[in-house]
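Structural characterization, general
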Amino acid sequence: KDHLNLLAGFKLAQKKHPFLSLHLLGQINHDDYYSTLLEFIEMNNLKQVFFYGAQNGVLELLKEFNIGVLSSVSEGLPVALLEYGLANLPVICTDVGQCKEVINNNGLVILPSDSVAFGEALLYYIENAMKREEDASAFSKHVKDQFSFETVKPKLLSLYKTGNY
């Protein structure tokens with residue numbers, strides 16, 4: 001993950017939209033990395049950044065937000081993106097692992113470690129509500145059509161039958 005890139009991009013977007021807030025869900029390891037994030041937040045006076053730690057019922061929480069973000073330098077199949085799709089969120093993510101394939105042109109994909117691009121993508125969605133809603137709807141449909149249990153089940157059963165897994 002690359003939260004510093006996300007925070008730097010958020011800082012750029014928040015300059016133009018001071019009401020903007022960033023909500024980070026997921027396990028918090030109270031280590032040097034977390035300390036670095038807190039230092040960055042304090043040094044840059046980012047008052048509207050919230051850490052929630054690991055949560056139950058993530059899907060319901062995500063439905064309260066406006067944009068799903070994933071800033072990573074490496075990724076496999078990003079489950080967070082699937083959750084964003086199920087929560088009907090538009091998505092901004094970095095072009096790592098299978099992110100681009102999962103998004104399938106239904107969101108904004110930027111180069112890793114490019115905080116300026118991340119900030120610009122945030123501003124784009126904040127300032128273009130219609131595009132944000134179109135992408136959220138298209139991405140949600142794509143996730144349900146391509147990654148739901150009903151879609152995957154026949155493929156999985158076929159693999160089990162043939163033993164080609």
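Criteria and thresholds
- Residues numbered from 1 in each chain as written.
- Predicted model: local features only at pLDDT ≥ 70, side-chain atom pairs only at ≥ 80, totals over all residues.
- Heavy atoms only, no water.
- Patch = residues over 30% accessible without salt bridge, like charges linked within 9 Å, V, L, I, M, F, W, Y side chains within 5 Å.
- Areas by Shrake-Rupley, 256 points an atom, 1.4 Å probe, with all protein chains shown as cover.
- Salt bridge = Lys/Arg side-chain N within 4 Å of Asp/Glu carboxyl O.
- Helix = DSSP H or I, 4+ residues; strand = E, 2+ residues; numbered from the N terminus.
- 1 Å grid on protein atoms, 1.4 Å probe; cavity = no way out; pocket = protein on both sides within 12 Å on 5 of 7 lines; lining within 4 Å.
- Points joined across faces, edges and corners; volume = space filled by probe spheres on them.
- Nonpolar A, V, L, I, M, F, W, Y, C, P; charged D, E, K, R; others polar.
- Buried < 20%, exposed > 50% of the residue type's maximum accessible area, 1.4 Å probe, protein only.
- Pairing = 2+ DSSP bridges.
- Axes fitted to C-alpha atoms, helices over the stretch in contact; angles between N-to-C directions.
- pLDDT = per-residue confidence, 0-100.
- Parallel < 35°, antiparallel > 145°, perpendicular 65-115°, else oblique.
- Contact = heavy atoms within 4.5 Å.
- Phe/Tyr/Trp six-rings, centres within 6.5 Å; stacked < 30°, edge-to-face > 60°.
- Right-handed = clockwise from strand over helix to strand, strands pointing away.

1. Quick notes on a nonpolar patch on the surface
Together, Leu25, Phe50 and Tyr52 line one region of the surface with nonpolar side chains, adding up to about 240 Å² of accessible area. By the secondary structure assignment, Tyr52 is in strand β2 (residues 49–53).

2. Notes on the layout of surface pockets
Empty space within the largest pocket amounts to approximately 1,100 Å³. Elements supplying a minimum of two residues to the lining of the largest pocket: α1 (3–16), β1 (22–25), α2 (32–43), β2, α3 (58–62), β3 (68–70), α4 (79–86) and α6 (115–127). A breakdown of the residues in the lining of the largest pocket according to their chemical character gives 27 nonpolar, 11 polar and 6 charged.

3. What to know about the pattern of salt bridges
For the structure shown, the criterion picks out 6 salt bridges. The closest approach of N and O atoms between Glu127 and Lys16, which form a salt bridge, is 3.0 Å. Placement of Glu127 in helix α6 and of Lys16 in helix α1 is noted, with a sequence separation of 111 residues between them. A salt bridge links Lys63 to Glu60; its shortest N-O distance comes to 3.4 Å. Exposure remark for Glu60: the relative accessible area of 52% places this residue in the exposed category.

4. Observations regarding the sheet that holds β3
Ordered by their spatial adjacency, 3 strands build an open sheet running β3-β4-β5, and the pairing between neighbours is parallel. The open sheet has two edge strands with one neighbour each: β3 and β5 (108–110). Geometrically, the sheet is characterised by an average inter-axis angle of 10° between neighbouring strands, direction not taken into account.

5. Considering the confidence of the model for the chain
Averaged over every residue, the pLDDT of the chain is 92; the share at 70 or more is 96%. The lowest-confidence element of the chain is helix α8 (residues 149–162), averaging 73 in pLDDT; the highest-confidence one is strand β4 (residues 91–94), averaging 98.

6. Description of the packing of α1 against α2
Following both chains from N to C, one finds α1 and α2 inclined at 10°, their axes separated by 10 Å at the closest point. Taken together, the axes of α1 and α2 are roughly parallel relative to one another. Here His3, Leu4, Leu7 and Ala8 of α1 come into contact with α2, specifically with Tyr33, Thr36, Leu37, Phe40 and Ile41.

7. Examining the packing of aromatic side chains
Evaluated as defined, the whole model comprises 2 aromatic pairs. Pairing Tyr124 with Tyr125 gives two aromatic rings, centres 6.0 Å apart and planes at 45°, and the pair type is tilted. Classification of Tyr125 as buried rests on a relative accessible area of 0%.

8. Some thoughts on the side chain of Thr94
Tracing the sequence through the fold places Thr94 in strand β4. According to the relative accessible area criterion, Thr94 is buried, its value standing at 1%. Beyond its immediate stretch of four places on either side in the chain, Thr94 contacts Asn5, Leu70, Ser71, Ser72, Cys99, Val109, Ile110, Leu111, Pro112 and Phe118.

9. Re the pairing of β2
Both β1 and β2 contribute to a ladder of 4 bridges, which runs parallel. Bridge pairing links Leu22 to Val49 in β2. Handedness of the crossover joining β1 and β2 through α2 is recorded here as right-handed.

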